[in-house]
Amino acid sequence: MAGQYQEYQILLLGLMMMTTGLFCASRAQDPSQLSLDYYLKTCPDAQKIVRAEMECAVKEDPRNAAAILRLHFHDCFVQGCDGSVLLDDTITLKGEKEAAQNVNSLIGFDLIDRIKNQLESQCPGTVSCADLLAIAARDATLLVGGPYWDVPVGRKDAKTTSLELANSDIPAPNQGVIALMTKFLEKGLSVTDLVALIGAHTIGMARCVSFRERIYGDFELTSHLDPTSEIYLGKLKETCPVSGGDDNIAAMDYVTPYVFDNAFYQSLVKGDGLLNSDQEMYSSLVGFATSDLVKMYASDPLAFFKQFSDSMVKMGNITNPEGGEVRTNCRFVNT
Ligand code: HEM
């Protein structure tokens with residue numbers, strides 16, 4: 001795959017940093033701050049309220065599940081899971097919505113507003129937007145057929161954002177396996193977490209700009225190019241011409257785009273991943289560990305579900321050491 005030499009250099013750098021302890025776990029929080037019964041007395045119906053709204057939204061459009069799951073990921077990778085991704089730009093605060101991986105791409109903010117309004121009407125000023133998002137991401141997964149996990153809660157919402165970190169820390173689809181591993185390690189997440197969490201791409205859509213390089217690049221090299229793959233590639237090229245149509249979308253799991261299952265990994269084993277970063281997990285020459293995991297999840301859906309749940313809890317436990325507040329409107333810090 002492209003950039004192998006550069007990746008080798010990053011790998012060496014990564015190994016050096018790991019041995020010198022430079023990958024500090026400081027941003028990978030103290031999970032003891034969170035608990036399962038945090039809202040037991042203050043908002044006992046918090047989980048029910050989130051679930052009810054998510055049920056309606058996913059029934060209305062299953063894409064909503066994908067939108068919310070991704071929002072939680074993009075939240076946790078910037079300053080920890082602190083709802084910073086939800087903040088709008090104001091005169092005094094530059095949010096993260098214009099970051100390279102977010103702009104014209106993240107959706108679901110209106111749904112978060114709807115859930116927040118319900119929570120505020122029942123338990124004003126109690127449930128943080130960061131917790132709302134973590135619970136909603138679990139429900140999103142469950143509602144499209146994925147696993148359940150208990151969500152530890154008690155996160156605070158940030159009063160600050162970081163466009164700079166959003167630009168540097170959120171992984172991009174043109175990155176290779178070493179760069180992706182490094183980004184996850186920096187957050188205290190392992191290679192196993194990376195491969196399991198990327199399984200979120202079993203649902204949801206990507207825009208042509210995110211996969212054009214892949215379909216006109218090494219798709220034909222990685223794919224077995226059986227008749228199904230040939231038809232698939234042809235359709236992708238129709239959706240995403242060499243130029244134009246940047247915002248046209250295609251499912252990342254073309255077998256079962258609306259079901260949370262392990263078909264995504266089976267597509268990677270066939271060499272048919274839509275994003276370069278997805279296919280790297282299986283096809284990269286330096287991705288021994290990742291390709292073994294892809295093979296395992298492709299053949300063992302329960303192993304995938306178990307690891308995905310564990311890794312989601314781990315990712316959700318990345319807290320912002322600065323603490324914060326409980327916002328009353330997820331788009332703005334409290335005045
Ligand atoms: C290796 C790291 C990852 C990369 C490079 C990556 C990249 C991308 C890209 C490029 C898209 C399409 C965006 C667009 O074209 O507008 C996307 C969509 C998505 N990503 Fe990831 N992603 C990664 C990891 C994750 C993780 C860890 C999760 C959640 C746990 C996740 C959940 C999703 C979902 C659900 C969608 C579909 C969103 C929708 O349909 O609106 N991704 N990702």
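So, how was this worked out
Residues numbered from 1 in each chain as written. Predicted model: local features only at pLDDT ≥ 70, side-chain atom pairs only at ≥ 80, totals over all residues. Heavy atoms only, no water. Near = heavy atom within 4 Å. Polar contact = N/O pair within 3.5 Å; in protein donor to acceptor, adjacent residues only side chain to side chain. 1 Å grid on protein atoms, 1.4 Å probe; cavity = no way out; pocket = protein on both sides within 12 Å on 5 of 7 lines; lining within 4 Å. Sits in = over half its atoms within 2 Å of the grid points. Helix = DSSP H or I, 4+ residues; strand = E, 2+ residues; numbered from the N terminus. Nonpolar A, V, L, I, M, F, W, Y, C, P; charged D, E, K, R; others polar. Domains from an automatic or database assignment. pLDDT = per-residue confidence, 0-100. Contact = heavy atoms within 4.5 Å. Donors = N, O, S within 2.8 Å, 3.2 Å for Na, K, Ca; no water. Core = buried A, V, L, I, M, F, W, Y, C linked by side-chain atoms within 4.5 Å. Buried < 20%, exposed > 50% of the residue type's maximum accessible area, 1.4 Å probe, protein only. Expected span 1.5 Å × (residues − 1).

Q: Hey, could you run me through the site of the ligand in this one?
A: Taken together, 25 residues sit near the ligand, with Arg63, Ser105, His201, Arg207 and Ser210 positioned nearest. In this structure, arginine 207 approaches the ligand through a main-chain N or O atom, which is 2.7 Å from an oxygen atom. Taken atom by atom, the bulk of the ligand overlaps the largest pocket. Going through the elements one at a time, helix 3 (63–76), helix 7 (177–186), helix 8 (191–197) and strand 1 (205–207) are the ones with two or more residues in the shell around the ligand. Looking at the shell around the ligand element by element, the count peaks at four residues for helix 3. Of the residues assigned to the shell around the ligand, the class counts are 17 nonpolar, five polar and three charged. Each of domain 1 (34–171) and domain 2 (177–313) accounts for three or more of the residues forming the shell around the ligand.

Q: Can you walk me through the confidence of the model for the protein in this structure?
A: Any segment with low pLDDT has predicted coordinates that should not be analysed in fine detail. The predicted model of the protein has a mean per-residue pLDDT of 92, with 90% of residues at 70 or higher. With pLDDT under 50 throughout, residues 1–29 is counted as low confidence; its partners more than four residues away or in other chains account for 40 contacts.

Q: Would you take a moment to explain the coordination of the iron atom of the ligand for this structure?
A: For a metal with four tetrahedral donors the ideal donor-metal-donor angle is 109.5 degrees, whereas six octahedral donors ideally subtend 90 or 180 degrees. Inspection of the coordination sphere of the iron atom of the ligand shows a single protein donor, His201 (NE2), at 2.1 Å. Tracing the chain through its elements places histidine 201 in the loop between helix 8 and strand 1.

Q: How should I be thinking about the nonpolar core in this particular structure?
A: For soluble globular proteins, the rule of thumb is that nonpolar side chains tend to be buried together. Among the nonpolar cores identified, the biggest contains 72 residues, and Met54, Ile68, Leu71, Leu86, Tyr265, Met281 and Phe308 are the most heavily contacted of them. It is helix 5 (residues 129–143) that provides the largest number of residues to this core, a total of eight residues. Counting the residues that make up this core, at least three belong to each of domain 1 (34–171) and domain 2 (177–313). Residues within four places of tyrosine 265 in sequence aside, it is in contact with Val195, Ala196, Ile198, Gly199, Val294, Tyr297, Ala298 and Phe304. Among the nonpolar cores identified, the runner-up in size contains 13 residues, and Phe211, Tyr232, Met252 and Leu275 belong to it.

Q: Sorry if this is basic, but what is going on with helix 15 (residues 301–316) here?
A: Given 3.6 residues per helical turn, the α-helix brings residues three or four places apart onto the same face. In a regular helix each residue adds 1.5 Å, so 16 residues correspond to 22 Å; helix 15 covers 22 Å between its end C-alpha atoms and thus fits that length. Turning to helix 15, its buried residues number three or more, namely Ala303, Phe304, Phe305, Phe308, Ser309, Ser311, Met312, Met315 and Gly316. Residues of helix 15 that are buried make contact with helix 3, helix 5, helix 8, helix 12 (263–270) and helix 14 (288–299).

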